[in-house]
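Breakdown of the fold
Take a look at the letters that make up each chain.
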Amino acid sequence: MGLTSLLENKKAVILDRWFNLVLETYPPDTTQFLCRQKDSFANPVGGNIREGLSAALTEFIASFSSTSSGRLDTEGLKTGLDRVIRIRAVQNFTPSQAVGFVRDLKAVIKEVLGREAETAGGAGEWAALEEAMDELLFLAFDLYSACREQLHEIRIKDEQRRMHLLLKRAKMISDDPEPEKDRAGRDRGGL
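What comes next concerns the included structure. In this text the structure is predicted, and so the values were computed from the model without any measurement. The residue numbering used here restarts from 1 in each chain and proceeds along that chain's sequence as written. At least 70 in pLDDT is required for a residue's local features to be given in this predicted model, at least 80 for side-chain atom pairs to be given and counted, and no such filter applies to totals for whole chains, interfaces and linings, which use all residues. Excluding hydrogens and water, the side-chain values take into account all heavy atoms of the structure.

1. Looking at the nonpolar core
In this structure, L53, F60, L81, F101, I109 and L129 are the most contacted members of the largest nonpolar core, which totals 48 residues. Strands here are runs of E lasting at least two residues and helices are runs of H or I lasting at least four, both read from the DSSP assignment and numbered beginning at the N terminus. Elements with a contribution of two residues or more to this core: α1 (3–9), α2 (11–23), α4 (44–65), α5 (74–89), α6 (95–113) and α7 (115–169). Ranked by the residues each element gives to this core, the list is headed by α7, at twelve residues. Working rule for contacts: check all heavy atoms of both residues, and any pair within 4.5 Å makes them a contact. The residues contacting F101, other than those within four sequence positions of it, are W18, V22, L53, L81, V84, I85 and R88. For this analysis, a nonpolar core means a set of buried residues of the types Ala, Val, Leu, Ile, Met, Phe, Trp, Tyr and Cys, connected via side-chain atoms within 4.5 Å. Only protein chains enter the accessibility calculation, which uses a 1.4 Å probe; a residue is then buried when its area is under 20% of its type maximum, exposed when over 50%, and partly exposed in between.

2. Points about the environment of F60
Residue placement: F60 occurs in helix α4. Sequence spacing of F60 and T74 is 14 residues, and the spatial spacing of their C-alpha atoms is 8.8 Å. If near-sequence neighbours (up to four positions away) are discounted, F60 is found in contact with L72, L77, L129, A132, M133 and L136.

3. Observations regarding the packing of aromatic side chains
Only the six-membered ring of Trp is used, alongside the rings of Phe and Tyr, when aromatic pairs are assigned; centres must lie within 6.5 Å, and planes under 30 degrees apart are stacked while those over 60 apart are edge-to-face, with the rest tilted. Within this structure, the stated rule accounts for four aromatic pairs. Consider the rings of Y26 and F93, whose centres lie 5.4 Å apart with planes at 80°: the pair is edge-to-face. Of the two residues, Y26 is situated in the loop between α2 and α3 (28–36) and F93 in the loop between α5 and α6; the sequence distance between them amounts to 67 residues. Here R50 stacks its cationic end above the ring of F19, 4.6 Å away from the centre of that ring. Either the NZ atom of lysine or the CZ atom of arginine qualifies as a charge over a ring when it sits within 6 Å of the ring centre and within 35 degrees of the ring normal. Over the ring of F93 we find R88; its NZ or CZ atom is 4.1 Å from the centre of that ring.

4. Digging into the pattern of salt bridges
Side chains carrying opposite charge are able to pair once their charged atoms draw close together. In the sections that follow, a salt bridge refers to a side-chain nitrogen of Lys or Arg positioned within 4 Å of a carboxyl oxygen of Asp or Glu. One pass over the structure, following the stated rule, counts twelve salt bridges. A salt bridge links E51 to R83; its shortest N-O distance comes to 2.6 Å. Here R83 lies in helix α5 and E51 lies in helix α4, a separation of 32 residues in the sequence. Looking at E51, the relative accessible area reads 37%, which means it is partly exposed. One salt bridge connects E159 with R162, and the closest N-O pair in it is separated by 3.5 Å. Taken together, the residues span about one helical turn, with E159 and R162 both in helix α7 at a distance of three residues. Owing to a relative accessible area of 46%, E159 belongs among the partly exposed residues under this scheme. Via salt bridges that share partners, D158, E159, R161 and R162 belong to a single interconnected network.

5. Overview of the packing of α4 against α5
For the pair α4 and α5, the least separation of the axes is 8 Å and the interaxial angle reads 155°. Taken together, the axes of α4 and α5 lie roughly antiparallel to each other. With respect to the hand of their crossing, α4 and α5 are arranged in left-handed fashion. For the pair α4 and α5, contact is made by V45, N48, I49, E51, G52, L53, A55, A56, E59 and F60 and by G76, L77, G80, L81, R83, V84 and I87, respectively. Classifying every residue of the contact of α4 with α5 gives ten nonpolar, four polar and three charged. Whenever a helix is involved, its axis is fitted only over the stretch in contact; in every case the axis is a line through C-alpha atoms, and angles between N-to-C directions fall within 0 to 180 degrees. Oblique is the label for every angle not falling under 35 degrees (roughly parallel), over 145 degrees (roughly antiparallel), or within 65 to 115 degrees (roughly perpendicular). In this scheme, a crossing is called left-handed if the near helix is turned counterclockwise away from the far one by less than a right angle; it is called right-handed if the turn is clockwise. Classification convention: Asp, Glu, Lys, Arg as charged; Ala, Val, Leu, Ile, Met, Phe, Trp, Tyr, Cys, Pro as nonpolar; all other residues, Gly among them, as polar.

6. A word on the packing of α2 against α6
Contact geometry of α2 with α6 gives a least axis separation of 9 Å together with a crossing angle of 135°. Looking at the two axes, α2 sits oblique to α6. Like other packed secondary-structure pairs, α2 and α6 cross with a definite hand, here right-handed. Two secondary-structure elements touch here, α2 through V13, I14, R17, W18, L21 and V22 and α6 through F101, V102, D104, L105, V108, I109, E111 and V112. Of the residues belonging to the contact of α2 with α6, the class tally is eleven nonpolar, no polar and three charged.

Any functional reading would require information beyond the geometric quantities listed.
Structure follows, in structure tokens:
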């Protein structure tokens, strides 16, 4: 049995352990709620995290099995990772904490597969798997950075809108499309 087959056979156990590690990064009260409430409508954060991890793990295994170089098909992985990263990007996590759950996947796989991994794929296949997991971590960080950039752009646009409204209320600017004219009827040129 190869390493890919072993990953497929143990996927449910890996997913459960990985999900629990992600939940442990939250405060105890939040963790209890996320674990206890299984309904994805009553618990959209927990549901999205679980579904995102499941999709990412499925794509990771499929991508790893289809490559011999350790290079992943990142397009398929982005969807699952993005579901989790978007949640963590708006929460009070440092960047390393926000994407650290991807690093935890390596520990979970080592823990779940144990000695079977050593005999299943040999050192070469295990090295390729570790390289693929590192690439997954870099992808998660890229997604996190893009999400944070998007959040900053939204905040900047919101501040600009607020400033515009304040200036308009103070009658310092006008939404009138015609430029202001001075007493002689000339354009003030933005003055």
